[in-house]
Amino acid sequence: MKSSLINVYNDKVDCGVDNEYPTSKKTFRQPCLQMLVGQRTSGKSHLASKMVAQAQREKTFDRIYMVTPSFNSNKAYFGKYVNEEDVYEPTRESISEVIKAVEADRDEWEEYLTKKELYEMYKKDAKKTIKKIDEDVLITYDTMGFFDGIIPKWKYAKEEPPKSLLILDDCLNSPAILQSSGLTKCATLNRHLAPLKECYKGRSACGLAVMILSQTYKMANGVSRVLRENLSLLTLFLNRQQKQLDAIKEELANVVELEKFDKAYEYATRQKYGNLTIDFKPKCDTMTFRKNLNELIIFPDMVCSCDKK
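Residues numbered from 1 in each chain as written. Predicted model: local features only at pLDDT ≥ 70, side-chain atom pairs only at ≥ 80, totals over all residues. Heavy atoms only, no water.

A few points about the packing of helix H3 (residues 94-125) against helix H4 (residues 135-144)
Across the interface, H3 lies against H4 with an axial gap of 11 Å and an inter-helix angle of 120°. One finds that H3 runs oblique with respect to H4. Crossing hand, H3 versus H4: left-handed. On H4, the residues that touch Lys115, Leu118, Met121, Tyr122 and Asp125 of H3 are Val137, Thr140, Tyr141 and Met144. Per-class residue counts for the contact of H3 with H4 are six nonpolar, one polar and two charged. (Axes fitted to C-alpha atoms, helices over the stretch in contact; angles between N-to-C directions. Helix = DSSP H or I, 4+ residues; strand = E, 2+ residues; numbered from the N terminus. Parallel < 35°, antiparallel > 145°, perpendicular 65-115°, else oblique. Left-handed = near helix turned anticlockwise from the far one by under 90°. Contact = heavy atoms within 4.5 Å. Nonpolar A, V, L, I, M, F, W, Y, C, P; charged D, E, K, R; others polar.)

Quick notes on H4
The N-capping residue of H4, defined by a side-chain oxygen 2.9 Å from the backbone nitrogen of Asp136, is Asp134. Looking one or two residues beyond H4, the residue adopting positive phi is Gly145, at roughly 85°. (Polar contact = N/O pair within 3.5 Å; in protein donor to acceptor, adjacent residues only side chain to side chain.)

Some remarks on the nonpolar core
Ranked by size, the top nonpolar core spans 51 residues in total, and within it Val67, Leu168, Leu234, Phe261, Leu276 and Phe289 carry the most contacts. The greatest single-element share of this core, amounting to seven residues, is contributed by H3. If near-sequence neighbours (up to four positions away) are discounted, Leu276 is found in contact with Leu234, Thr235, Leu236, Phe261, Ala264, Tyr265, Ala268, Thr269, Phe289, Arg290 and Ile297. Of all hydrophobic cores here, the second largest spans 25 residues; its members include Ala48, Phe61, Met66 and Phe71. (Core = buried A, V, L, I, M, F, W, Y, C linked by side-chain atoms within 4.5 Å. Buried < 20%, exposed > 50% of the residue type's maximum accessible area, 1.4 Å probe, protein only.)

Some remarks on the side chain of Lys163
Relative to the assigned elements, Lys163 resides in the loop between H4 and strand E4 (164-169). Taking relative accessible area as the criterion, Lys163 reaches 3% and is therefore assigned buried. A distance of 2.5 Å separates polar atoms of two side chains, one belonging to Lys163 and the other to Glu160. In this structure, Lys163 is in contact with Tyr21, Pro22, Lys59, Thr60, Phe61, Asp62, Arg63 and Arg203, ignoring residues within four places of it in sequence.

Quick word on the packing of aromatic side chains
Evaluated as defined, the whole model comprises 16 aromatic pairs. Measuring from ring centre to ring centre gives 6.1 Å for Tyr21 and Phe61, while their planes differ by 80°; the resulting arrangement is edge-to-face. With Tyr21 in the segment before strand E1 (33-37) and Phe61 in the loop between helix H1 (44-57) and strand E2 (63-67), this residue pair connects regions lying 40 residues apart in the sequence. According to the relative accessible area criterion, Tyr21 is buried, its value standing at 1%. What makes Phe61 buried here is its relative accessible area of 7%. Here a set of aromatic residues connected by ring pairs shows up, and it is made of Trp109, Tyr112, Trp154, Tyr156 and Tyr200. Directly above the ring of Tyr217 sits Arg228, whose terminal nitrogen or CZ lies 5.2 Å from the centroid. (Phe/Tyr/Trp six-rings, centres within 6.5 Å; stacked < 30°, edge-to-face > 60°. Lys NZ or Arg CZ within 6 Å of the ring centre and 35° of its normal.)

A closer look at a nonpolar patch on the surface
Side chains of Ile6, Val8 and Tyr9 sit close together on the surface and give an oily, nonpolar patch of about 410 Å² of accessible area. Following the sequence through the fold, Ile6 ends up in the segment before E1. (Patch = residues over 30% accessible without salt bridge, like charges linked within 9 Å, V, L, I, M, F, W, Y side chains within 5 Å. Areas by Shrake-Rupley, 256 points an atom, 1.4 Å probe, with all protein chains shown as cover. Salt bridge = Lys/Arg side-chain N within 4 Å of Asp/Glu carboxyl O.)

Overview of the pairing of E4
Working note: regular strand, side chains alternate between the two faces of the sheet. The buried fraction of E4 is high, at six of six residues. With five bridges connecting them, E2 and E4 associate as parallel partners. Along E4, the bridge assignment pairs Arg63 with Ser164. Both E4 and strand E7 (residues 209-214) contribute to a ladder of five bridges, which runs parallel. Residue pairing across strands places Leu165 opposite Ala209, the latter belonging to E7. (Pairing = 2+ DSSP bridges.)

Function-wise, these values are silent; they only describe arrangement.
Next comes the structure, spelled out in structure tokens:
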């Protein structure tokens, strides 16, 4: 066999935007599409709350939504991070309602940018005499309250498009899973949800991270294969049902070396509450497998590329 380079398809291509939220070096990329799978009392909610706590320390999300029928039971885990007005019962419309809220935040962001631009114009015009400023412009300034000292201010901590997370808990067999077109939209769009009119610092959309807590990986009328195949993170607790493990391995075969998966899974789940997280888009090859979120499982052929970036 021989190969020969030919002079075609050589133009450099603009890779565009990635719509990622800023995250620290060792944490997961956001906005993610994550599924946490474990039987009741396995520790899913506790682990999810640890991820949310870390994210809130780093101000990864401005707003967190939950779709769950059992929020009161899980207040100890999520009550500090989720406002009750952002909690929805699992109906066929609940996820669509969350998406509408994300889009409303997007609209408010773009309205803020318009007000900010007008305020910059106002500051320049303030140096002029009134006669030199168009009457309609003066009316706009007055309507905005600029003459009364009102300065446009963004409602979240950092001036950037809103960053949001949706947590679905105890929703299996509910209309939120079975009848919701919103969940499919989350699975296929995820980081591209709520597109912006204009790109802002590497982002063309607000995006929406999604975390699904489920007792079962695959079941009739459960989480769809479309969503499972779009996951960026999969967290598994010990599962003694061989059929479920076989289903997981069948779907992982194209993206993960099964020999590594078997070894990592056995190591990570051998202790009570132990769990394995597989990162399908890791920041470094050595971060593909994690035990209990904070212990990397590194195989000999995994080479760290962190220092090269």
